[in-house]
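A look at the structure
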Amino acid sequence: MTRVERLLGAERLSGDDPTPLYLRLQERIRSSITRGDLRPLEALPGERDIAEGFRVSRVTVRKALAGLVKSGLLKQRQGSGTYVSAPPQRVEQALSRLTSFSEDMRSRGLVPTVRWLAREVSLASPGEAMRLLLSPGEQVCRLHRLRLAGGTPMAIERATLPARFLPDPLLLEESLYDLLALRGVRPVRALQRLSAAHLSAEEAALLEVPVGAAALAIDRLAFLEDSTPVEFTRSWYRGDAYDFVAELTLRRE
Ligand code: 16G
């Protein structure tokens, strides 16, 4: 049995299937990774061996690999071939403490960075006004960020704040909670809702995971001491990178 057969299956790609060959080859590689036949950091067989093994052209192989590299499942290293991507370091986040992304990452020795997706001030939508208890006509500041730790994308965050707490989104460079603390409006309490989600193609590309990968969708509504809502954020955390941990105690009557 050749290495290609051992890793990607001995069965040829059938000629009857109307799905383009490169997509079927992609599927084959993806399922080998899911099954664990191809392990994280393992090198794929060379382009020529895959082409010969499946009796397809090298252009088809290249196209199949390029798609998987784009979705984050594979990494290409100049001159040394294609590898299965490494899983990110898993991060545990306590569910009982109101911490910020930057604090969470720094406490684990990881350097938090931001890639901006959008930032603007605009009229609150009806949904935003309801959540943030705003009057009609009030403005909100919207901050859409990709959050990275040690260069690895970890979460997409879409935060909305009443503009009176943050009148100019350009004031924010790194940590929203540090900036709110400087302005005397750091939240002290929050309600959070967690649900399971599948990532869309756009979100998956940002987080460098396969389309449809599992994620945790988290809504956080955060308040000041006097219960004024200060932030509503919807985040998508990579399912393969996060563990949320809660401490449970028996209530004493
Ligand atoms: C966390 C919060 C998010 C907050 C952000 C501030 C969750 C689920 N979400 O990611 O609501 O806006 O921290 O982080 O924990 P920063 O101060 O680093 O910008």
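The preceding data block contains the structure.
Below or above, wherever it landed, is the structure these notes cover. Along each chain, the written sequence defines residue order, and numbers are assigned to residues from 1. Totals for whole chains, interfaces and linings use every residue, but because this is a predicted model, local features are given only for residues with pLDDT of at least 70 and side-chain atom pairs only at 80 or more, for both listing and counting. Only hydrogens and water are removed before side-chain values are computed, so all heavy atoms of the structure are retained for them.

This brings us to the site of the ligand. Around the ligand lies a shell of 17 residues, among which Ser 102, Glu 157, Ser 175, Leu 176 and Glu 231 are the nearest. We define a polar contact as two N or O atoms separated by no more than 3.5 Å, with the added condition that, inside protein, one atom must be a possible hydrogen donor and the other a possible acceptor, whereas residues neighbouring each other in sequence contribute only through side-chain atom pairs. Within the side chain of Ser 102, one N or O atom sits 2.4 Å away from an oxygen atom of the ligand. A distance of 2.4 Å separates an oxygen atom of the ligand from a polar atom in the side chain of Glu 157. Among the detected pockets, the ligand sits in the largest cavity. Think of it this way: any DSSP run of H or I at least four residues long counts as a helix, any run of E at least two long counts as a strand, and we number them from the N terminus. Looking at the shell around the ligand, the elements with two or more residues in it are α5 (101-106), β5 (139-149), α7 (176-182), β8 (214-223) and β9 (229-238). Considering every element that reaches the shell around the ligand, the biggest residue donor is β9, with 3 residues. Three residue categories are used. Nonpolar comprises Ala, Val, Leu, Ile, Met, Phe, Trp, Tyr, Cys and Pro, charged comprises Asp, Glu, Lys and Arg, and polar comprises the others, including Gly. Looking at the shell around the ligand residue by residue, the class counts come to 5 nonpolar, 6 polar and 6 charged. The cutoff for a nearby residue is simple: one of its non-hydrogen atoms must lie within 4 Å of the molecule or strand. A pocket here means an open set of points on a 1 Å grid, computed over the protein atoms alone, that has protein on both sides within 12 Å along at least five of seven lines. A cavity is instead a set of points where a 1.4 Å probe fits but cannot get out; residues with an atom within 4 Å of a point line either one. Assignment to a cavity or pocket requires that more than half of a molecule's atoms be within 2 Å of the site's grid points.

Let us look at the layout of surface pockets. Grid points are joined across faces, edges and corners, and a volume is the space filled by probe spheres set on the points. In this structure, the largest pocket encloses a volume near 570 Å³. In terms of lining, the largest pocket is formed by 25 residues, of which the most central are Leu 73, Ser 85, Pro 87, Arg 238 and Asp 240. Going through the elements one at a time, α2 (21-35) and β6 (152-162) are the ones with two or more residues in the lining of the largest pocket. A total of 3 residues in the lining of the largest pocket trace back to one element, the largest contributor, which is α2. Here the residues of the lining of the largest pocket are counted per class, giving 13 nonpolar, 6 polar and 6 charged.

When you line up the elements, Asp 104 lands in helix α5. To sort residues, take the accessible area from a 1.4 Å probe on protein chains only and compare it with the maximum for the residue type: under 20% means buried, over 50% means exposed, and anything in between is partly exposed. Charged residues are defined here as Lys and Arg on the positive side and Asp and Glu on the negative side; His and the ends of the chain fall outside this count. Salt bridge, as used here: a side-chain nitrogen of Lys or Arg that lies within 4 Å of a carboxyl oxygen of Asp or Glu. One buried charge, Asp 104, has no salt-bridge partner; the nearest side chain with opposite charge is Arg 108, at 4.4 Å. Contact definition: two residues touch when any of their heavy atoms are within 4.5 Å. Among all residues touching Asp 104, those that are not within four sequence positions of it are Gln 93 and Thr 99.

Below, the discussion takes up the pattern of salt bridges. Going through the model one piece at a time under the given rule, you end up with 16 salt bridges. Here Glu 174 ties to Arg 106 by a salt bridge, and the two come within 3.3 Å at their closest N and O atoms. Of this pair, Glu 174 sits in the loop between β6 and α7 while Arg 106 is found in helix α5, placing the two residues 68 residues apart along the sequence. Residue Arg 106 is classed as partly exposed on the basis of its relative accessible area, which comes to 43%. A salt bridge links Asp 219 to Arg 193; its shortest N-O distance comes to 3.1 Å. Within this pair, whereas Asp 219 is found in strand β8, its partner Arg 193 is found in strand β7 (residues 189-198), the two being separated by 26 residues in sequence. In this structure Asp 219 comes out as buried when scored by relative accessible area, which is 10%. Here the salt bridges share partners, and the residues they tie into one network are Glu 47, Arg 58 and Arg 62.

Next up on the list: the packing of helix α3 (residues 47-54) against helix α4 (residues 58-70). Direction vectors running N to C along α3 and α4 enclose 115°, while the axes themselves pass 9 Å from each other. Judged by the angle between their axes, α3 and α4 are roughly perpendicular. In the crossing of α3 with α4, the sense of the turn from one axis to the other is right-handed. Residues Glu 47, Arg 48, Ile 50 and Ala 51 of α3 touch α4, and the partners they reach there are Arg 58, Val 61 and Arg 62. When grouped by side-chain class, the residues that make up the contact of α3 with α4 number 3 nonpolar, no polar and 4 charged. The convention used is that axes are lines fitted to C-alpha atoms, helices contributing only their stretch in contact, and that angles between N-to-C directions extend from 0 to 180 degrees. The labels follow the angle: roughly parallel below 35 degrees, roughly antiparallel above 145, roughly perpendicular from 65 to 115, and oblique for the rest. Helix crossings are classified by the rotation of the near helix relative to the far one: an anticlockwise turn of less than a right angle makes the crossing left-handed, while a clockwise turn makes it right-handed.

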